[in-house]
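What the coordinates show
Residues per chain are reported as follows:
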Amino acid sequence: MELGISSALKTLFEQLGKSFFISGYLPAALFVALNQYLVFSNRFGGRSLVLFAPDFKLGPFTGDNLAAVILPLFLAMLLLAFNTLIIKFFEGAFKWQQNFLLRPWMAANRKRCQKHYGRLTTLKKEYYKQLAQVAGSDKAERNDAFDKVVGLRLQIQAENDRLEQIEPMPSLPYRLERVRPTALGNIFALMEEYPYDRYGIAAVAIWPRLQSLLPDAIKVDISNQKLLLDFLLNLVTLAGIFGIEGIVVGLARAPIQLALVGAGVGALIVAWLLYRAAVGVTATMGLFVTSAFDFYRGAVLEKFGLSQPPQIEDEQFLWLKIASFLRRGEAFKLPPRRSASAVAEKE
């Protein structure tokens with residue numbers, strides 16, 4: 001019988017995939033086990049949770065072990081379905097979080113962002129405005145705009161030198177609209193801001209195209225970090241739920257179950273520690289993602305039939321035009337494509 005159960009589980013998880021098993025099923029199985037042996041245990045004033053009669057059979061499973069398989073499987077599927085929402089929740093991306101639940105942290109981060117990066121944001125907005133005019137104006141206006149670009153570069157560099165003394169490793173995005181109330185949200189914001197700040201690349205539009213062109217080793221590194229992040233955030237979610245559940249149920253029972261309350265408090269502490277671990281994993285994943293833009297963005301230009309400009313300022317403007325083309329289809333803004341023979345010769 002045990003061999004039959006093992007074989008059935010192996011077949012099931014081979015079909016669902018490794019990521020489902022690691023990031024979804026394992027946290028769900030732990031959550032179900034804690035509920036079964038603590039919340040619904042007779043030792044803590046509860047009642048055993050019986051979903052199937054002991055003599056019930058489904059393939060190799062009996063009523064005794066079927067619930068231990070079915071409940072985690074169902075819960076894991078819910079975690080997978082709500083993966084994006086779970087990440088956004090821990091980012092603090094929802095308006096109700098920013099305006100109510102996490103309002104003090106949101107206000108504090110916005111204030112710190114304005115204090116540190118307010119002037120830099122103004123300078124960079126003007127810089128990109130003048131950069132656009134350099135390529136889109138006649139010769140006289142272009143010269144005037146270029147002079148302003150040179151002056152803005154010097155001011156931006158001076159401001160960056162000042163920020164280096166305050167915060168060598170930024171913890172907040174410099175654009176106020178990207179600021180989030182949580183550490184996880186701000187790391188994701190920095191990850192998205194990096195390619196635009198360095199190269200003028202709209203990360204949301206370009207990343208799916210870039211990702212498909214990355215070497216397999218880089219894809220595996222990013223995928224592994226994402227898998228670990230999902231695993232940790234699912235653990236945080238379920239540990240938080242169990243913590244609240246344990247405290248509420250423990251206090252509601254007569255007599256009060258202090259051991260269950262203690263388990264709930266412990267689960268909340270573990271959830272916080274796991275969240276901090278998830279922040280670290282996200283930072284590592286961010287290094288892989290930003291490095292991909294550094295080293296492989298030229299591959300995207302090649303697929304568009306475009307050459308990578310030798311000067312970074314020209315490349316920034318090219319990426320701005322590509323983003324405009326992808327969003328609105330304004331092909332007339334793009335430079336002429338390389339000939340097919342030139343592309344074939346390069347390959």
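Look up: the structure comes first, before these words.
Read on for an overview of the structure. By convention here, each chain's residues receive numbers from 1 onward along its written sequence. Side-chain atom pairs in this predicted model are given and counted only at pLDDT of 80 or more, local residue features only at pLDDT of at least 70, and totals for whole chains, interfaces and linings cover all residues. Hydrogens are left out, water is left out, and the side-chain values use all remaining heavy atoms of the structure.

1. A closer look at the overall build of the chain
Of the regular secondary structure elements, the chain holds 13 helices and two strands. The buried label goes to any residue with under 20% of its type's maximum accessible area, the exposed label to any with over 50%, and the partly exposed label to all in between, with areas taken from a 1.4 Å probe on protein chains only. Within the chain, the proportion of its 347 residues that are buried is 41%. Any two residues whose heavy atoms approach within 4.5 Å are treated as being in contact. Across the chain, contacts joining residues at least 24 apart in sequence account for 69% of those joining residues at least 6 apart. Here the chain has roughly 19,600 Å² of accessible surface; of this, 62% comes from carbon and sulfur atoms. Helix numbering and strand numbering both begin at the N terminus, where a helix is a DSSP run of H or I of at least 4 residues and a strand a DSSP run of E of at least 2. Surface accessibility in these figures is a Shrake-Rupley result with a 1.4 Å probe; residues are shielded only by whichever protein chains are displayed.

2. Observations regarding the packing of helix α9 (residues 203-211) against helix α12 (residues 312-328)
Relative orientation of the contacting elements α9 and α12 amounts to 90°, with a least axis distance of 10 Å. It follows from the interaxial angle that α9 and α12 lie roughly perpendicular. Here Ala 205, Ile 206 and Arg 209 of α9 lie close against α12, whose contacting residues are Trp 319, Ile 322 and Leu 326. Each residue belonging to the contact of α9 with α12 can be placed in one class, and the counts come to five nonpolar, no polar and one charged. Angular values range over 0 to 180 degrees, each being the angle between N-to-C directions of two axes fitted as lines to C-alpha atoms, with helices fitted over their stretch in contact. Roughly parallel here means an angle under 35 degrees, roughly antiparallel means over 145, roughly perpendicular means 65 to 115, and every remaining angle is called oblique. Three classes are used, and their members are as follows: Ala, Val, Leu, Ile, Met, Phe, Trp, Tyr, Cys and Pro are nonpolar, Asp, Glu, Lys and Arg are charged, and the others, Gly among them, are polar.

3. Considering the packing of α9 against helix α11 (residues 258-303)
Contact geometry of α9 with α11 gives a least axis separation of 10 Å together with a crossing angle of 75°. It follows from the interaxial angle that α9 and α11 lie roughly perpendicular. Here Ala 203, Ile 206, Trp 207, Arg 209 and Leu 210 of α9 lie close against α11, whose contacting residues are Val 289, Ala 292, Phe 293, Tyr 296, Arg 297 and Val 300. In terms of residue class, the contact of α9 with α11 is made up of nine nonpolar, no polar and two charged.

4. Looking at a nonpolar patch on the surface
A contiguous nonpolar patch, built from Phe 74, Leu 78, Phe 82 and Leu 85 and spanning about 380 Å² of accessible area, is present on the exposed surface. Here Leu 78 shows up in helix α3 (residues 63-81). Every patch collects residues that have over 30% relative accessible area and no salt bridge, joining them within 9 Å if they carry like charges and within 5 Å if they are nonpolar side chains (Val, Leu, Ile, Met, Phe, Trp, Tyr). Whenever Lys or Arg places a side-chain nitrogen within 4 Å of a carboxyl oxygen from Asp or Glu, that contact is recorded as a salt bridge.

5. Focus on the nonpolar core
Buried Ala, Val, Leu, Ile, Met, Phe, Trp, Tyr and Cys residues form a nonpolar core when they are joined through side-chain atoms within 4.5 Å. Formed by 52 residues in total, the largest nonpolar core has its most connected members in Leu 184, Trp 207, Leu 229, Leu 233, Phe 293 and Trp 319. Going through the elements one at a time, α2 (18-39), α3, α4 (83-91), α8 (183-199), α9, α10 (216-252), α11 and α12 are the ones with two or more residues in this core. Counting residues per element, this core draws most heavily on α11, which supplies 14 residues. Discounting residues that sit within four places of it in the chain, Phe 293 has contacts with Pro 195, Tyr 199, Ile 201, Ala 203, Ile 206, Trp 207 and Leu 210. Counting 16 residues, the second largest nonpolar core, distinct from the first, contains Tyr 117, Leu 120, Tyr 128 and Phe 317.

6. Points about the pattern of salt bridges
For the coordinates displayed, the defined rule picks out nine salt bridges. Among the salt bridges present, the one from Glu 192 reaches Arg 178, with a minimum N-O distance of 3.1 Å. Taken together, the residues Glu 192 in helix α8 and Arg 178 in the loop between α7 (139-166) and α8 connect sequence positions 14 residues apart. Glu 192 gets classed as partly exposed once you look at its relative accessible area, which sits at 32%. What you see here is one network of salt bridges that share partners, running through Arg 119, Glu 159 and Arg 162.

7. Topic: the environment of Glu 91
You can see Glu 91 is positioned in helix α4. In this structure Glu 91 comes out as buried when scored by relative accessible area, which is 14%. Separated by 95 residues in sequence, Glu 91 and Asn 186 place their C-alpha atoms 7.4 Å apart. Those residues in contact with Glu 91 that sit more than four places away from it in its chain are Arg 180, Pro 181, Thr 182, Leu 184, Gly 185 and Phe 188.

8. Describing α8
Helix length check: α8 (17 residues) gives 25 Å between terminal C-alpha atoms against 24 Å at 1.5 Å per residue, within 8%. Bend at a given residue is defined as the angle between two axes, one fitted to the seven residues that end at that position and one fitted to the seven that begin there. Its maximal kink placed at Glu 193, α8 deviates by approximately 35°, while the proline Pro 195 follows within four residues. With 12 of its 17 residues buried, α8 lies for the most part within the structure. Within the sequence span of α8, burial applies to Leu 184, Gly 185, Asn 186, Ile 187, Phe 188, Ala 189, Met 191, Glu 193, Tyr 194, Pro 195, Asp 197 and Tyr 199. Multiplying 1.5 Å by the residue count of a helix minus one yields the expected span of that helix.

9. Topic: unusual backbone geometry
Of note, the bond from Ala 254 into Pro 255 is cis; its omega dihedral lies within 30 degrees of zero at -5°. Structurally, Pro 255 is set in the loop between α10 and α11.

10. Some details on the side chain of Glu 167
One can find Glu 167 in the loop between α7 and α8. A relative accessible area of 17% places Glu 167 in the buried class. Distance and chemistry together define a polar contact, namely a pair of N or O atoms within 3.5 Å, with one atom able to donate a hydrogen and the other to accept it when in protein, and with adjacent residues in sequence counting only for side-chain atoms on both sides. At 2.8 Å, the side chain of Glu 167 forms a polar contact with the side chain of Tyr 117. In contact with Glu 167, other than residues within four places in its own chain, are Arg 112, His 116 and Tyr 117.

11. Some details on the packing of aromatic side chains
Here is the rule: rings of Phe, Tyr and Trp (six-membered ring for Trp) pair when centre to centre is within 6.5 Å. Planes less than 30 degrees apart are stacked, more than 60 are edge-to-face, and the remainder are tilted. Under the defined criterion, the tally for this structure stands at seven aromatic pairs. A centroid spacing of 6.2 Å and a plane angle of 40° characterise the contact between Phe 89 and Trp 96, whose relative ring orientation is tilted. Here Phe 94 and Trp 96 contribute two aromatic rings whose centre-to-centre distance is 6.1 Å and whose plane-to-plane angle is 15°, an arrangement assigned as stacked. Overall, Trp 96 belongs to the partly exposed group, its relative accessible area being 44%. Over the face of the ring belonging to Tyr 199 we find Arg 297, whose NZ or CZ atom lies 3.8 Å from the ring centre. Two limits define a charge over a ring: the Lys NZ or Arg CZ must be within 6 Å of the ring centre, and within 35 degrees of the ring normal.

Shape descriptors only; they carry no functional weight alone.
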